Every structure is written in C-alpha cells, then in structure tokens.
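Now for the letters of each chain:
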Amino acid sequence: QAHLVESGGGFVQPGGSLRLSCTASGLFFTIYKIAWYRQAPGKQRELVANISDSGTTNYADSVKGRFTISRDTAKNTVYLQMNSLEPEDTAVYYCNVDRSKYGYYPIWGQGTQVTVSS
C-alpha cells in the first residue's frame, strides 16, 4: 500500500537549520501535489508549504524566505529545507499527498518532531 516516511527532524537552536525528507512508496510524487503541514502543541495543524505536479510552490507567510520545498522525482522524495529556525517553528511536521484530483483520499506520514530551543 502507499505510505510515506518522514525523517530529518530533531532538536536545534534558534537560527539553526534542518532538512526534512518525505519518501513515498506505492505512488509517484511527480503527478501529485505534495505538502508539508505542522502541528504545535495545543494548536491546529497548519499548512507550511506545498509543491504541485508542475513544480509550483506555495508557502505560509510565517516561513517565506526561510523554508524551501523541493522534489526529487528519481528518489520519489520531497524535502523541506528549514533555515533560520525559530522557537515558533517547533511542531510535529507531516508530509501529505493530495490525490483528490484523481479521486483518491490523501496520504499522511507519521510525522517528525522539530524542536527549536536554546
């Protein structure tokens, strides 16, 4: 079955960087819109960034200029490069594959923890 595996989270100090990875099995990223979401303690899950099948990207205002979403088709992997991290970025980050265009339900990864603190 199709599933996603996220990795790359960890503990970093403010101003540090992390690169999150989302690797898919059982489906091909090239034809789907892929997104990164995050959920902080006590808060709702929010969209961080997404990338369409054509390569068009979109970012939440809070991460513009600091985060970059990209895709490696050969590896069937989507990345989220996170620079200049702030304590407010602390959350569990989830990869999402939107398949509604093709009549399928979305796929979510298990999440990876990002903690930004001194």
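What you are looking at is a predicted structure, and each value in this text was computed from that prediction instead of being measured.

Quick notes on the rules
- Residues numbered from 1 in each chain as written.
- Predicted model: local features only at pLDDT ≥ 70, side-chain atom pairs only at ≥ 80, totals over all residues.
- Heavy atoms only, no water.
- Pairing = 2+ DSSP bridges.
- Helix = DSSP H or I, 4+ residues; strand = E, 2+ residues; numbered from the N terminus.
- Axes fitted to C-alpha atoms, helices over the stretch in contact; angles between N-to-C directions.
- Salt bridge = Lys/Arg side-chain N within 4 Å of Asp/Glu carboxyl O.
- Contact = heavy atoms within 4.5 Å.
- Disulfide = S-S within 2.5 Å.
- Buried < 20%, exposed > 50% of the residue type's maximum accessible area, 1.4 Å probe, protein only.
- Core = buried A, V, L, I, M, F, W, Y, C linked by side-chain atoms within 4.5 Å.

**Here's the deal with the sheet that holds strand β8 (residues 77–82)**
Within a beta sheet, neighbouring strands are joined by backbone hydrogen bonds and run either parallel or antiparallel to one another. The four strands lie next to each other as β1-β3-β8-β7, forming an open sheet whose pairing is antiparallel. Strands at the two margins of the open sheet, each flanked by one partner only, are β1 (3–7) and β7 (67–72). Each strand axis lies, on average, 15 degrees off the axis of its neighbour in the sheet, ignoring direction.

**A closer look at the pattern of salt bridges**
One pass over the full model with this rule turns up five salt bridges. A salt bridge links Lys 64 to Asp 61; the nearest nitrogen and oxygen atoms lie 3.1 Å apart. With a closest N to O distance of 4.0 Å, Arg 66 and Glu 86 form a salt bridge. With Arg 66 in the loop between β6 (57–59) and β7 and Glu 86 in the loop between β8 and β9 (91–98), this pair connects stretches of sequence that are 20 residues apart. Sharing partners across several salt bridges, the network here consists of Arg 38, Glu 46, Arg 66, Glu 86 and Asp 89.

**As for the environment of Ser 100**
With respect to the secondary-structure elements, Ser 100 resides in the loop between β9 and β10 (107–108). Taking C-alpha positions, Ser 100 is 9.1 Å from Tyr 32, a pair spaced 68 residues apart along the chain.

**Regarding the environment of Ser 117**
The residue Ser 117 is located in the segment after β11 (112–116) in this model. Along the backbone, Ser 117 and Asp 98 are 19 residues apart, and their C-alpha atoms lie at a distance of 32 Å. If sequence neighbours within four positions are ignored, Ser 117 has contacts with Phe 11, Val 12, Gln 13 and Pro 14.

**A few points about the state of the cysteines**
Under the criterion given, the structure shown has one disulfide. The side chain of Cys 22 participates in a disulfide bridge whose partner is Cys 95; the two sulfur atoms lie 2.1 Å from each other. In this structure, the disulfide formed by Cys 22 and Cys 95 twists by about -85 degrees around the S-S bond and is classed as left-handed. With Cys 22 in strand β3 (residues 18–25) and Cys 95 in strand β9, this residue pair connects regions lying 73 residues apart in the sequence. The exposure classification of Cys 22 matches that of Cys 95, with both residues buried.

**Concerning the nonpolar core**
Formed by 30 residues in total, the largest nonpolar core has its most connected members in Leu 4, Trp 36, Leu 80 and Tyr 93. For this core, the elements supplying multiple residues, two or more each, are β3, β4 (33–39), β5 (46–51), β7, β8, β9 and β11.

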